[in-house]
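Breakdown of the fold
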Amino acid sequence: MSKILTTSFERTLDQLVAGAVAGQSFEAWTFDDRNSRSAAERRLAEKGITARIRSAYKPLLYTFLEEVDLRGVEAIEIRYPVHPDAPRNRFRLEAYPLAALVGDAKIDFVEREDGEFFYDVRLTKTTGVKTLKVLAPNRVHVDIVGETNVSPTGWYRAAGDDQGERLETDYEALFAASITAVAEQDWGSEEPYFEELNIRVAHPAEDEPLAVGDEVVSLREALHEDFYFSLLEFFQKKSGRPLGDRGLKPGQIVPEIVKSQGEVSVAIEVRPLSTLFLDGEEQDLETAREPLAFAQVARLLGEVDGAAFAAHSRSGRQVSARYVAGRDVPVMISGGQHPNETTGIVGALRAADRLRQMPEAHFTISPLENPDGYAIHQRLRVDNPRHMHHAARYTALGDDLEYRTPENAGAHLNEKEIRFKAQEISGAELHVNLHGYPSHEWTRPLSGYVPRGFGMWTLPKGFFLIMRHHASWEDQAEALLDRVTRHLGAIPGLLDYNNRQIALYEIHAGETGFRIINGFPCLSSIDDRHTVPMTLITEYPDETIYGDAFIAGHTAQMETVLSAYAAWQEILPARQAAAASV
């Protein structure tokens, strides 16, 4: 192991308490959970100091949670800032999911063009109107890759001072010191630069679930996301690639953000790749309430009769698949490209279990394409089972295997080989690729708040479908989307679930930009990157869900596969017949 940084930071709340003098009054904004901030206020009160310590993260939301009395409120108008260096809806997004927490009160968000960092709130009650001004401390800064960000920051305002000043918090200082330490290392010039780059942070913030779906406010989860994607961006720039390039192969970046009892610290080191999988209890496949253990995935795949074929990951883990040959039109089925998107893995196995019982079934099944990412996800869930863990999204090479090709892979085709083998062995012209996305808000608070390059994914918006097709296959793409969405619409509760999430999304983010087909948001576009002419991608909001919600998710995934398979048995022969008649 090679150590890069080991250091700790005095907690900002402790600094505020220690530095305050009896008789003082002040307000402060820090990156701390509600209980910690309240405890610091009590300690200050015992010293004769009047203080109000607010959340620097999502300050409007916490003003409503902690300070606003909603009794009798009939309407809420929120005028939010628009800043030239941030997305127009940035501060509207930061208020999420407030609209679902105000009962029957009508809520409206209105842009305010002056760019000043505060919200104007107007509460209309049965007894009159109340207004308040909610400070949203932010700073405009240039990050490690030269991008200008508008990011939440700590703030301190003494009594009588209308403005106040920036307070660099422990949360911000830890992140800045860590990114700088990594950036100052000599990483050489050849990818991958390391096997595992491990960033272990101890931070005392408690997660706070909200009474809306799977929503939770988690400073530690946000720190994971900021570390992971900021470091990806640093290595993208170092490699000469554009920001967001998914072909970069830096190695496996693993932020482990664990709950401490009060300590704020970080240890960064380079480690060898792990080759272990964690054990887990067997679950009934039909009613699995959480992600399956790797051993069970392997066992269930082994029960699918057919020809076995395989590839291997960077760590040497096996990527296993089966080919079931029959008289039907063939279909490729895959899951686990991004293995923190867990319902697709179970849904693929459930679909394969049903298809293999059909006498003429013809398909390939590779339910877990990225075993190295899955191992990271298992490992990180031990400490934080309800976090998104995007460190598990990509492979141990650090790339998205979707964007790995024989031309850019060099000696590292690895996992991607499973798809080429599946198409070669089956001749399939439809690939059903099962995915998911965050089931609660995804943020990067120290890098502009909205995840750069992933803005459309920051809030859940129901179960939706993406179709990528070759230019001459548009009619078949439209027919497949129509058939599949009509089938999904018959699943009890799924359309209502979609409608609730879409309605909340539109209040806080604006229009989805999707076409609605039979009640389901869909995106369809020409894409010639794939050798398979038709690729149907599912997107279920599944990252972090468990229990009944997890069952509903993998059921929707399974039903998508089965309906697409059935529809394809008619759609492709019709295309072939039309071509033969010309």
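Parameters at a glance
Residues numbered from 1 in each chain as written. Predicted model: local features only at pLDDT ≥ 70, side-chain atom pairs only at ≥ 80, totals over all residues. Heavy atoms only, no water. Helix = DSSP H or I, 4+ residues; strand = E, 2+ residues; numbered from the N terminus. Buried < 20%, exposed > 50% of the residue type's maximum accessible area, 1.4 Å probe, protein only. Areas by Shrake-Rupley, 256 points an atom, 1.4 Å probe, with all protein chains shown as cover. Lys, Arg positive; Asp, Glu negative; His and termini not counted. Charge placed at Lys NZ, Arg CZ, Asp CG, Glu CD. Core = buried A, V, L, I, M, F, W, Y, C linked by side-chain atoms within 4.5 Å. Contact = heavy atoms within 4.5 Å. Arc of directions from axis to C-beta. Phe/Tyr/Trp six-rings, centres within 6.5 Å; stacked < 30°, edge-to-face > 60°. Salt bridge = Lys/Arg side-chain N within 4 Å of Asp/Glu carboxyl O.

**Some points on the overall build of the chain**
In terms of helices and strands, the chain carries 13 helices and 25 strands. With respect to the principal axes defined by its C-alpha atoms, the chain has extents near 85 × 60 × 45 Å. Burial status across the chain gives 59% buried among its 582 residues. When the accessible surface of the chain is totalled, it reaches about 22400 Å², and 48% of it is carbon and sulfur. The positive charge centre, built from 60 side chains, and the negative charge centre, built from 87, are 2 Å apart in the chain.

**Things to note about the side chain of E269**
Mapped onto the elements of the fold, E269 is located in strand β16 (residues 265-271). A relative accessible area of 10% means that E269 is categorised as buried.

**Some thoughts on the nonpolar core**
Counting residues in each nonpolar core, the largest one holds 93 residues, and the members touching the most others are F64, I76, I78, W187, L197 and F235. No other element matches helix α6 (residues 219-239), which puts 10 residues into this core. Once residues lying within four places of it in the same chain are set aside, the contact partners of W187 are I4, V182, Y193, F194, L197, F234, F235, K238 and V270.

**With respect to helix α7 (residues 294-302)**
Those residues of α7 that sit buried are Q296, V297, L300 and L301. Looking straight down α7, one finds that the buried residues subtend no more than 135° of arc, so they occupy a single side. Where α7 is buried, its residues meet β18 (318-324), α8 (343-355) and β20 (363-366).

**Looking at the packing of aromatic side chains**
Counted according to the given criterion, the structure contains 25 aromatic pairs. On the numbers, 5.0 Å between centres and 80° between planes, the contact of Y228 with F229 is edge-to-face. We note that Y228, like F229, is buried. When the ring of F463 is compared with that of Y540, the centres are 5.2 Å apart and the planes differ by 55°; the resulting orientation is tilted.

**Focus on the pattern of salt bridges**
In this structure the tally under the stated criterion is 56 salt bridges. The shortest N-O distance in the salt bridge between E94 and R90 comes to 2.5 Å. You can see E94 and its partner R90 sitting in helix α4 (residues 90-94), 4 residues apart, about one turn around the helix. You can call E94 buried: its relative accessible area is 1%. One salt bridge connects R452 with E233, and the closest N-O pair in it is separated by 2.8 Å. On the criterion of sequence distance, the pair formed by R452 in the loop between β21 (430-438) and β22 (464-469) and E233 in helix α6 is long-range, its members being 219 residues apart. Each member of the salt-bridge network shares a partner with another, and the members are E27, R34, R37, E41, R52, R54, E66, E67, R157 and E208.

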